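# Tertiary structure, described
Now for the letters of each chain:
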Amino acid sequence: MPSALDTNMRFKFSILALLLEVIIIVLFGIFVEYDTSASLSLYPFFQDVHVMIFVGFGFLMTFLKKYGFSSVGINMLIAAFGLQWGTLMQGFWHMERGKIHVDIKSMINADFSTATALISFGAVLGKTSPVQMMILTILEITIFACNEHLVTKTLQATDVGGSMTIHAFGAYFGLAVTLVLYRPGLKNKHENEESTYHSDIFAMIGTLFLWLFWPSFNSAIASETIYQTNAIVNTYYSLAACTVVTFALSSLVDQRGKFSMVLIQNATLAGGVAVGTCADLSIHPFAAVCIGSIAGIISVLGYHFLTPLLASKLNIQDTCGVHNLHGLPGILGGITGIVVTAIKAEIRQGVHFTPGMQAAALGSTIAIALAGGALTGSILKLPFLGQAPDQNCFDDSVYWEVPEEEKPHEIHPNNYDEHSRFEATM
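Conventions used here
- Residues numbered from 1 in each chain as written.
- Predicted model: local features only at pLDDT ≥ 70, side-chain atom pairs only at ≥ 80, totals over all residues.
- Heavy atoms only, no water.
- Core = buried A, V, L, I, M, F, W, Y, C linked by side-chain atoms within 4.5 Å.
- Buried < 20%, exposed > 50% of the residue type's maximum accessible area, 1.4 Å probe, protein only.
- Helix = DSSP H or I, 4+ residues; strand = E, 2+ residues; numbered from the N terminus.
- Contact = heavy atoms within 4.5 Å.
- Salt bridge = Lys/Arg side-chain N within 4 Å of Asp/Glu carboxyl O.
- Polar contact = N/O pair within 3.5 Å; in protein donor to acceptor, adjacent residues only side chain to side chain.

### A closer look at the nonpolar core
Core analysis: the biggest nonpolar cluster contains 96 residues, and W85, L88, I108, L125 and W214 have the highest contact counts within it. Per-element tally for this core: the top contributor is helix α5 (residues 130-154), with eleven residues. Residues in contact with I108, not counting those within four places in the same chain, are L42, F45, F46, A220 and I221. One finds C242, L281, I291 and A295 within the second-largest nonpolar core, a separate group that totals 13 residues.

Take a look at the structure:
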């Protein structure tokens, strides 16, 4: 008799994963070549971005008390598969003599493409199967590569830190997916959709890695050293201002004046997202501090007021609150790009950035993300993809071998201190 947690994943996932890897091996054999003219100057930036993808994103999502294995493990799976698929999907737009030439910059861009899938993973965290996440990664990175080409090559807009093309795209793609995959049984919060004292500490590790390396994320693909320096400086101060504002508002919105770990883990990063579009432009550190402060305000208020509203009125169950960390700050980043290019002429490699094209880039990105997410969600609803029933959501034991729990007398209540992610923001 099959177990209650049997998802019949043994052959479904294994066959799908091996089949996809075989396809990638064949495509790499046909199309991918070394870029013999490449240098190692970007390797330190690549290291930082790579750590953000595998450690930062992975540990940021470990707040759920019984979903740590999946948060870090499926994050690693998505990233490892996504960077290979992203190399191909982005490379097909930039082929030379029928070949995709890879170097450190293309590896950074492949990591960027993977970030979109990881952001969307945060929206559906705990409610999808590994098979579903593999399919989501394929579809999202494919659509992302098309949108990125539209924004950077066709519209010729600037978005060096990916506020629009990575963060806003990943957030609204994920929100569309979670809307289509809406589970009425989870309308009243699931017992496992909570954190513990120790799971929140692990999530904070992810926050710190992301916070420390975000200047590299926003500056890695800037066209010249001076622009990389601008991006590093602007991101540095935007993050700092955002953090102070987040702590202040976290205490202000709590009736007891206490800090919320939910807000500190997430909203402190919003400054890095919001400054991304104009990070390499000459906006002055004063503007960077202002952008970071506004991002912190928007993110905190989003967690406190908007997330409950989206869940109750629009049936959008955003597990990690990606709308407040990536979506709203991503839109803010797009708007700042419009304002900056309207105030001051900015030219990069012969391209004159205009507010009209920046606005078109923002609008098209959100539209494509929502449409692509809705389509992807419809595909993921197919009943044979191993999705767990409502009662088994947010539980590693559905898809992982987990150690036996400690006996009740070995658990010390003082160190357990469970609290609701939602209640912590109220």
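### A look at the environment of C393
Relative to the assigned elements, C393 resides in the loop between α13 (355-380) and β6 (419-420). In this structure C393 comes out as buried when scored by relative accessible area, which is 1%. For the pair C393 and L125, spaced 268 residues apart in sequence, the C-alpha to C-alpha distance is 9.1 Å. Here C393 is in contact with G126, K127, R183, L186, H190, N192 and A388, once residues within four sequence places are set aside.

### Overview of the pattern of salt bridges
Using the criterion set out here, one finds six salt bridges in the structure. The partner of E33 in a salt bridge is K99, and the shortest N-O contact between them spans 4.0 Å. Residue E33 is found in strand β1 (residues 32-34), and its partner K99 is found in the loop between α3 (68-91) and β2 (100-102); the two are separated by 66 residues along the sequence. The class of E33 is partly exposed, set by a relative accessible area of 37%. Here R183 makes a salt bridge to D390, at a shortest N to O gap of 2.5 Å. With R183 in the loop between α6 (163-180) and β3 (194-195) and D390 in the loop between α13 and β6, the pair connects residues that are 207 residues apart, well separated along the chain. The partly exposed category is assigned to D390, whose relative accessible area is 25%. Sharing partners across several salt bridges, the network here consists of D280, E346 and R348.

### Examining the side chain of S70
Following the sequence through the fold, S70 ends up in helix α3. Residue S70 is classed as buried on the basis of its relative accessible area of 1%. Here the side chain of S70 touches D396 through a polar contact of 2.7 Å, side chain to side chain. Leaving out residues up to four positions away in the same chain, S70 has contacts with N75, F121, D396 and W400.

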